[in-house]
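# Structure at a glance
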Amino acid sequence: MALRREPTARQMRLAVELRRLRDAAGLTAREAAALLGVSSAQISQIESGLTGVSEKRLRRLAAHYVCTDEVFIDALVAVATDRTRGWWEEYRGALPTPFLDLAELEHHATSLREVQFLYIPGPLQTEDYARAVFSFRVPELPDEEIELRVRHRMQRKLILEDTPYEAVIHEAALRINVSDRSASRAQLSSLVELSEADHITVRVIPFALEGFAGAASAMVYAGGAVPELDTVVRDAPHSTAFIDAEAQLGAFRTLFRKVESVSLDAERSRDFIYELTKEL
């Protein structure tokens, strides 16, 4: 099997989970290779995401690692045997890899929860809003790349068709006019309309809230097929971090609940956003 030049985040997640299972079993890569009848180099390649693993070999490894969680094993098999070539693949080589990894993560997520303080969450952005955000980048992007990024962001809206989605947005993000007043009004109106879907919840944290110090809590929390495969995505100034360690996931679950608990409920949030549209 040819080695991958650049494993996707999803392929790397499978590799990480297999390495964690081996470590938990107290086996070295050499010992795991001997049990499987392959070279230690092959185990290393599998655990680096440089090559895939068949269902048969994955289940044999899980047995050697004494993993008895059949639901978890089945979820790993689903990742290992997935041959989906999603819409995001048309952008490979044209956009930064994190754009593709995020789209793939959202596509496979069983649920999505997002917290944003300065921007409208990506899947909820209108075309004009997204274009304004990408146009402000320094150094400036060529027009064709801006349009490519806008088109990619609009295609991410596909997840809103059936994936349970909850966004907590600070009033600051709602009030910042990233473009002109007309575009801002259209963005807020779109939020109101989207929030009326049964599987989409938009909640607002108002400026008037006292004692809120959680402005560093921005995140995307993507639910996996099983909780062990949940992932948190956080944006840094020059990179995107995909977080999957269980201790960190637990902390982010708690953090989301804290942020959610101080936000307005869905109905009051919808009314709040609607009132903002009338100010524009």
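In short, a report on the structure. (Residues numbered from 1 in each chain as written. Predicted model: local features only at pLDDT ≥ 70, side-chain atom pairs only at ≥ 80, totals over all residues. Heavy atoms only, no water.)

### So, the pattern of salt bridges
All told, the structure shown has 21 salt bridges when counted by the stated rule. As a salt-bridge pair, Arg156 and Glu106 come within 2.7 Å of each other at their nearest N and O atoms. Remark: Glu106 occurs in helix α6 (residues 97–108) and Arg156 occurs in the loop between α8 (143–155) and β2 (165–170); sequence separation between them is 50 residues. A relative accessible area of 2% places Glu106 in the buried class. (Salt bridge = Lys/Arg side-chain N within 4 Å of Asp/Glu carboxyl O. Helix = DSSP H or I, 4+ residues; strand = E, 2+ residues; numbered from the N terminus. Buried < 20%, exposed > 50% of the residue type's maximum accessible area, 1.4 Å probe, protein only.)

### Thoughts on the nonpolar core
Formed by 26 residues in total, the largest nonpolar core has its most connected members in Leu124, Ile169, Leu174, Leu191 and Ile273. The set of elements that each furnish at least two residues to this core consists of α6, β2, α9 (171–175), α10 (181–194), β3 (200–205), β4 (219–223) and α12 (266–279). Discounting residues that sit within four places of it in the chain, Leu174 has contacts with Ile120, Ile169, Leu188, Leu191, Val204, Phe272, Ile273 and Leu276. The next biggest cluster of nonpolar side chains, apart from the first, holds 25 residues, and it includes Leu14, Leu36, Phe72 and Ala80. (Core = buried A, V, L, I, M, F, W, Y, C linked by side-chain atoms within 4.5 Å. Contact = heavy atoms within 4.5 Å.)

### Observations regarding empty space enclosed by the protein
With the rule as written, the count across this model stands at one cavity of 30 Å³ or more. Volume-wise, the largest cavity comes out at about 40 Å³. Around the largest cavity, the lining residues are Ile120, Tyr129, Ala173, Leu174, Ile176, Ser184, Gln187 and Leu188. Those elements giving two or more residues to the lining of the largest cavity turn out to be α9 and α10. For the lining of the largest cavity, the leading source of residues is α10, giving three residues. Of the residues that constitute the lining of the largest cavity, the class distribution is six nonpolar, two polar and no charged. (1 Å grid on protein atoms, 1.4 Å probe; cavity = no way out; pocket = protein on both sides within 12 Å on 5 of 7 lines; lining within 4 Å. Points joined across faces, edges and corners; volume = space filled by probe spheres on them. Nonpolar A, V, L, I, M, F, W, Y, C, P; charged D, E, K, R; others polar.)

### Comments concerning the packing of helix α7 (residues 127–135) against α8
At a minimum axis separation of 9 Å, α7 and α8 run at an interaxial angle of 135°. Put simply, α7 runs oblique to α8. Of the two elements, α7 crosses α8, and the hand of that crossing is right-handed. Contact residues: α7 offers Glu127, Ala130, Arg131, Phe134 and Ser135, while α8 offers Ile146, Glu147, Arg149, Val150, Arg153 and Met154. Partitioned by chemical class, the residues of the contact of α7 with α8 number five nonpolar, one polar and five charged. (Axes fitted to C-alpha atoms, helices over the stretch in contact; angles between N-to-C directions. Parallel < 35°, antiparallel > 145°, perpendicular 65-115°, else oblique. Left-handed = near helix turned anticlockwise from the far one by under 90°.)

### What about the pairing of β2?
For β2, the buried fraction is high: six of the six residues fall into the buried class. Burial of β2 is two-sided: the residues Tyr165, Ala167 and Ile169 facing one way and the residues Glu166, Val168 and His170 facing the other way are all buried. Both strand β1 (residues 111–116) and β2 contribute to a ladder of five bridges, which runs parallel. Bridge assignment links Glu114 to a residue of β2, and that residue is Ala167. With six bridges joining them, β2 and β3 adopt parallel strand pairing. (Pairing = 2+ DSSP bridges.)

### Examining helix α11 (residues 246–262)
Between its terminal C-alpha atoms α11 stretches 25 Å, which fits the 24 Å expected from 17 residues at 1.5 Å a residue. Where α11 is concerned, the buried positions are Leu249, Phe252, Arg253, Phe256 and Val259. One side of α11 holds all its buried residues, which, seen down the axis, span an arc of 130°. Along α11, exposed side chains directed more than 90 degrees from the buried face belong to Ala247, Lys258 and Ser261. (Expected span 1.5 Å × (residues − 1). Arc of directions from axis to C-beta.)

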